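Geometric and topological summary
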Amino acid sequence: MGKYSSLAADIIKNVGGKENVESLRHCVTRLRFRLIDESIANDEVIKNMDGVVTVMKAMGEYMVVIGEHVADVYDEVCSQLGLDAMQAENKEQKNAKKKSPLEKVLGTIMGGMGPTLHLLCACGIIKGLLVLLTFVGIKPTDGIYMLMNAAGDCFFYFLPLILGFNFAKKFQIDPFFGLILAAAMCYPAIQNVDINLWGYVVNTTYTSTFLPILFGLLAAVPLYKWFDKVLPKMIKGFMTPMLTLIIIFPLTFIVIGPLANMIGAGLNVVLTSICEFSPLLAGLILGGCWQIFVLFGIHGVLTIFAFMDLLAGNPSQLLAFSYGASFATCGVLLSIILKTKDAKLKEVALPSFISAIFGVTEPGTYGVTLPRKKMFAICCIGGAASGVVVALSNLAMYSYAGMGIIGLLGFVNPDRPNFIGIALSAIVPFVVSFVLGMLVYKDSDYEYLNDVVETDIKSVSKEEKTEEKKEAAPALLKEKEMLAMPADGMIKPLSEAADEAFANEALGKGCLVIPENGNVYAPFDGTVRVLFPTKHAIGLASEGGCEALIHIGINTVNLDGKYFETHVQQGDCVKKGQLLVSFEKEKIEQEGYSCEIPVIITNTDEYLDIVEKDHDRHVHGEDMLHVIR
């Protein structure tokens, strides 16, 4: 069994099973499902799985955010679905007719570019390093420079061949046909040469282009599939590509290609005009809102055409405006790491910080800053500051060298490198967000976000013990206090609780109540010590010093107070049998949660024994637990 077998099985089960999965793909941090019926997916269960950051829905996709191990989890999910990566991709194609036109366009473009991003990064980094080498005496005429330049530039120069292969695979025809069509379009002898065809003269080039091969294959695919269907089996292996190439290549080179280049040039003019209209405003908006776009998974819509233009050799300021958002997230995460006393939060924030340094911000966004809205707002402020620096420094992205700190090499202008501006575009958002985070962040503002709120209740209770109570403990030795049923229902051993933290008595001894309705009452006369904003847990202290936690449901913290209503406030004095909380039991269970109520004595270590009265049915107010000092 693989490392991620259990996680993969749980994800498949809770997205509705294999039969509910139309297609699956993944990006840098997310499994991107396309489900037949999203409504049957159990969002909250998936969100709370170990190894899952959160769940998002956008662009018709059900996205399970995993983080840096997404590729490994993807492989395991594909394996359990009975698909390999190619089959998963093909399955997505079979369901393409159900997508919107925009989704089809974006899916096709990313199908061509997605598999090559790592290679694109590698070549972009080499191009950035070459600029740096010129500052240490390496000349463009030196042999090592020429070789490394070829290595860095080859991806961009022969981009149509790479895209032709991937697009053809995406369109479910022989990928080598796409490669051959692109190779013909990039043949050196016909680039920038007058070609006269029946009086019509064309002079163009297709190296380093994006759209011509895409449009050419869109025209070729129906013809290719028709020939493949009607030709005899013995000859279609070579006749299908030959006939398609004879017809489509001249058409693409003379008509389709120039039209595609005109569209690409028009898009470039539009994007450039937007940025040039008010670079400062564009930087402020794009930099400040970028993490919001990432949050909803729609950032690709805003950058895909700018990306295409970049690959064609044109610098992109639009991509530069958004780049500093990851460094803003780094600053916020570091401030939280330094200020928080919550060990669990540190465990999440530290690897998220490292991930954000290299441009992958989703773990930090979904797992740390987004639930803490002030911190997320600071990330946006830092991103806006970066956009302003880019505008004032007139920076642009000249090649794609990856994400995060390494990707800054893509900002190096081969003619006039602005190293100070590039450094400031990363330093300013980091410093702004770090300083604001250090000033604003307080653990106390986010106590309700603890994954195991019971630990905090126990901690708060212990911290609030008075010296008088400790001194009185010996005098109370062998005294007995009785806790009443907080709800109508059955008493069960705590070991039967669905949550392991309760079942193994890690939080204290007690018992389990299986409620029959949605009312919870005070088990004794005492004081409300802790009432969580999510309303699902209440901590009480009796007049005799017994401290009890009543936790309504398992993982119901995720409902964020939905279906709960409180009838007391923190600090109130309550009487035995007084209504504390009411909840909509049926609706909570319909959401997939158990409504069992663990009742925990959080100061268990002060008692000789804690014993359930029995394991029968009782109504609220009847005896339930004996606590003996």
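Residues numbered from 1 in each chain as written. Predicted model: local features only at pLDDT ≥ 70, side-chain atom pairs only at ≥ 80, totals over all residues. Heavy atoms only, no water.

1. Here's the deal with the confidence of the model for the protein
Confidence in the prediction of the protein, expressed as mean pLDDT, is 81, and 83% of residues score 70 or more. Taken element by element, the predicted model of the protein shows its lowest mean pLDDT in helix α21 (residues 453-463) (40) and its highest in strand β10 (residues 519-521) (95). When the criterion is pLDDT under 50, residues 451-478 qualifies, and its contacts beyond four places in sequence or with other chains add up to 40 contacts. (pLDDT = per-residue confidence, 0-100. Helix = DSSP H or I, 4+ residues; strand = E, 2+ residues; numbered from the N terminus. Contact = heavy atoms within 4.5 Å.)

2. A closer look at the nonpolar core
One finds Phe167, Ile213, Leu217 and Phe411 to be the most contacted residues of the largest nonpolar core, which totals 56 residues. Broken down by element, this core gets its largest block of residues, 7 residues, from helix α10 (residues 211-230). The residue makeup of this core includes at least three contributed by each of domain 2 (104-259) and domain 3 (278-447). Setting aside residues up to four positions removed in sequence, leucine 217 forms contacts with Gly164, Phe167, Ala168, Phe171, Ile173, Phe177, Gly178 and Leu181. Cys511, Val520, Cys546 and Tyr593 belong to the second-largest nonpolar core, a separate cluster that totals 36 residues. (Core = buried A, V, L, I, M, F, W, Y, C linked by side-chain atoms within 4.5 Å. Buried < 20%, exposed > 50% of the residue type's maximum accessible area, 1.4 Å probe, protein only. Domains from an automatic or database assignment.)

3. Some words on the sheet that holds β10
Across the sheet, 3 strands lie side by side as β10-β16-β14; this open sheet has antiparallel pairing. Strands with a single pairing partner mark the edges of an open sheet, and in this sheet they are β10 and β14 (564-566). For this sheet, the mean inter-axis angle between neighbouring strands, taken without regard to orientation, is 20 degrees. The pairing of β10 with strand β16 (residues 579-583) spans 3 bridges and is classified as antiparallel. Counterpart to valine 520 in the pairing with β16 is valine 581. (Pairing = 2+ DSSP bridges. Axes fitted to C-alpha atoms, helices over the stretch in contact; angles between N-to-C directions.)

4. Description of the packing of aromatic side chains
If you walk through the whole model with that rule in mind, you get 11 aromatic pairs. An angle of 80 degrees between the planes, with centres 4.8 Å apart, marks the rings of tyrosine 157 and phenylalanine 158 as edge-to-face. Phenylalanine 158 gets classed as partly exposed once you look at its relative accessible area, which sits at 40%. Ring-pair connections join several aromatic residues into one group, and the members of that group are Tyr206, Phe249 and Phe253. (Phe/Tyr/Trp six-rings, centres within 6.5 Å; stacked < 30°, edge-to-face > 60°.)

5. Some points on the pattern of salt bridges
Counting across every chain of the model gives 8 salt bridges. In this structure, arginine 32 and glutamate 61 form a salt bridge, with 2.8 Å as the shortest nitrogen-oxygen distance. You can see arginine 32 sitting in strand β2 (residues 30-35) and its partner glutamate 61 sitting in strand β4 (residues 61-65), a full 29 residues away along the chain. Taking the relative accessible area as the measure of exposure, arginine 32 reaches 8% and is therefore buried. Since its relative accessible area comes to 4%, glutamate 61 is described here as buried. A salt bridge links glutamate 516 to arginine 617; the shortest N-O distance between them is 2.6 Å. Linking glutamate 516 in the loop between β9 (510-515) and β10 with arginine 617 in strand β19 (residues 617-618), this pair joins segments that are 101 residues apart in sequence. One connected set of salt bridges, linked through shared partners, spans Arg25, Arg32, Arg34 and Glu61. (Salt bridge = Lys/Arg side-chain N within 4 Å of Asp/Glu carboxyl O.)

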